[in-house]
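# Coordinate analysis (summary)
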Amino acid sequence: MPGFAAHLTTLVALREKEAIAFYVNWNSPHNAYHVRCAAVAGSPWAPLTLREWVPTLGLMLPTEAALGLGKHLRKYPDSFRDEDELVAEYCQTAGLSAVAVVPHLLEHCTGPSVAGNDAHGERKATVFAGEAHIPGGHWSAHPCMSSFPSRSVTLPYPFSVELVASRCGLRILRDQSREPVEHPFNWGWRDWAPLIGANPRRIAAALRERTTAAFGGSHAELLAPSKEQSDADHPLNRVRLEVWAAGYLLGLDVSTTAWPPPHGEDPAFAASLRDEALRTWIISGLTQSDALACGTGGLEELVRLCSDAVVCGRRESPQRTGVRSE
Amino acid sequence: MKSGPALLAENLVRGMARREASALTSAAERLPDLAIRNVVCPCGSVTAEIAEGIDPVRTGRIWDLGTYTRPDALDHGLPVLTKLACEVLDNRSVLPVAEILLRYSDRPVRLRTRAVAMWGMTAGPVPGRRAEDSWSEQTLLPLLRRLNDEEAWWPAAPDPLWTGSPHRTLPVATRAMSSAFDVDEASFLGPHLDDPVLAELNKVYLHARRDAVLRIL
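Residues numbered from 1 in each chain as written. Chains lettered and ligands numbered in written order. Predicted model: local features only at pLDDT ≥ 70, side-chain atom pairs only at ≥ 80, totals over all residues. Heavy atoms only, no water.

Scanning chain B for helices and strands turns up 7 helices and 7 strands. Tracing chain B from N to C terminus, the helices and strands come up as α-β-α-β-β-β-α-β-α-α-α-β-β-α. Of all intrachain contacts in chain B linking residues separated by at least 6 positions in sequence, the fraction that spans at least 24 positions is 76%. Taken as a whole, chain B presents about 9400 Å² of accessible surface, with 53% of it coming from carbon and sulfur. (Helix = DSSP H or I, 4+ residues; strand = E, 2+ residues; numbered from the N terminus. Contact = heavy atoms within 4.5 Å. Areas by Shrake-Rupley, 256 points an atom, 1.4 Å probe, with all protein chains shown as cover.)

This is how it looks when you write it as structure tokens:
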């Protein structure tokens, strides 16, 4: 990417005491979501949770910490593959916080994994800068936070919103629970979105309103071209609701989180980062068959839909209710 | 103030709700990757045989949960869940299946949803109720008691209980497959609660489940 070395110099000057990740995998359980929150909030920094592994594709550490990490890793055999978990372990022990840059400065290559991670599927960045020109002052446009900003919702635990296998759900990181961080048993949004102040019926109603407004009273949609099939029952329209719910909950979450307001940001650049964060969410979050059925045009329609959902969710007032949807 | 069968029915339903809350909030230190073979029954045509898993109508593989699930895993070795065609379960709702796999990896796991169990129980005559009658707490009580028994394997599941019968009921609410714009409420007995007494009990259930989950979380 253009200006890579110059960016590193700037980043070190801004955050000389922290671990800085240049890449976060697009479907890591919590940290990818942190990156998406940062992208939506307009923050160039995404504080990472150390309850999850620290992404190590590109990681910069203060000299002392790097030496300390080396010493820490020597306790483990070379055959131990999940070194990223050991980095998280070290950071916790050393009191070192970790942040990711938004956009990322690195992209994962495709092809066989040299570390034996092929079973993880395709590995891509959450928000890669690519060839985009990162505006001057981007990195300093937002105060440096070392931990995820506080949320004003009832749920007392960290959580992320995820889109996996064409389904939206909540991933809750309970303190006392010893659940593996990457477990697949998320909490479906229809029942449990109220935990984070959202009303599932309002979410669905908002999609209906958007669709009605866009298509003049008809619920026909771009993703349901078949006339033989009821538009509302078209399987891809169920995907639309899941994508909409994910974007809505992300927007609501950002609006109820104490992200400091950015200053001096380039609106077009910020919008491009947000859209890329949503695009990778959708690409990594659809089942293969849904992705194929969508095609490129359908995918971009889903990105626009998700973007609108984020805006809709950000406008919403969180409800301090229980779990019922009424 | 409720009393008699109404109170008993509510208490049973609250117990089922607490059981689901316990299932949803359970957390094993390690969780197996999970795939489930799904036996789908068309709604309205569930017979007692289907409910017992004897005559599966349509099977397919669902829930490849976990990064490492091998695509070539043999379906016949997978846990089997019998559900109605219109039923949808959240990922979290199949957590008990994963727990069973951890406990009894050497045994075949066969489960059915409450809706399937209910269809099985009501496929024949129900004492004190004609097919066209609405439900009453009185006529529901024996069914609720039986459902409670069938899902009492959770959470303790001592060995004799599990091995006593090949079929267990998954102690979770499900919902109807909704259309593109609708969010149907979860139902403790599955999607077909077109009955005022059942609908009222469902409210009790969801309220109790919410409270129990929030208390545990």
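That shown, we press on.
This part takes up the sheet that holds strand β1 (residues 19-21) of chain A. Residue and element names in this part refer to chain A. Pairing in this open sheet of 4 strands is mixed, and the strands run β2-β4-β1-β3 from one edge to the other. Every interior strand has two partners, whereas the edge strands, β2 (45-47) and β3 (59-60), have only one. Examined bridge by bridge, β2 and strand β4 (residues 98-101) share 3 bridges and lie antiparallel to one another. Counterpart to P47 in the pairing with β4 is V99. (Pairing = 2+ DSSP bridges.)

Here we take up helix α7 (residues 196-216) of chain B. Compared with an ideal rise of 1.5 Å per residue, which puts 21 residues at 30 Å, α7 of chain B spans 30 Å between its outermost C-alpha atoms and is within 8% of the ideal. Looking at α7 of chain B, one finds that the buried residues are V197, L198, L201, N202, V204, Y205, L206, A208, R209, R210, A212 and V213 of chain B. Those residues of α7 of chain B hidden inside the fold are in contact with β7 (187-188) and α5 (189-192) of chain A together with α1 (4-24), α4 (114-122) and α5 (137-150) of chain B. The backbone nitrogen of V197 of chain B has a side-chain oxygen 2.9 Å away, supplied by the residue at the start of α7 of chain B, namely D195 of chain B. (Expected span 1.5 Å × (residues − 1). Buried < 20%, exposed > 50% of the residue type's maximum accessible area, 1.4 Å probe, protein only. Polar contact = N/O pair within 3.5 Å; in protein donor to acceptor, adjacent residues only side chain to side chain.)

What follows deals with unusual backbone geometry. Residue and element names in this part refer to chain A. The step from V102 to P103 runs through a cis peptide bond, and the omega angle for that step is 10°. If you check the backbone angles, A165 has positive phi at about 50° while not being a glycine. Examined against the element boundaries, A165 turns out to sit in the loop between β5 (159-164) and β6 (167-172). For A165, a relative accessible area of 44% translates into the label partly exposed. With phi around 65°, S166 is a residue other than glycine that occupies positive phi space. What makes S166 buried here is its relative accessible area of 8%.

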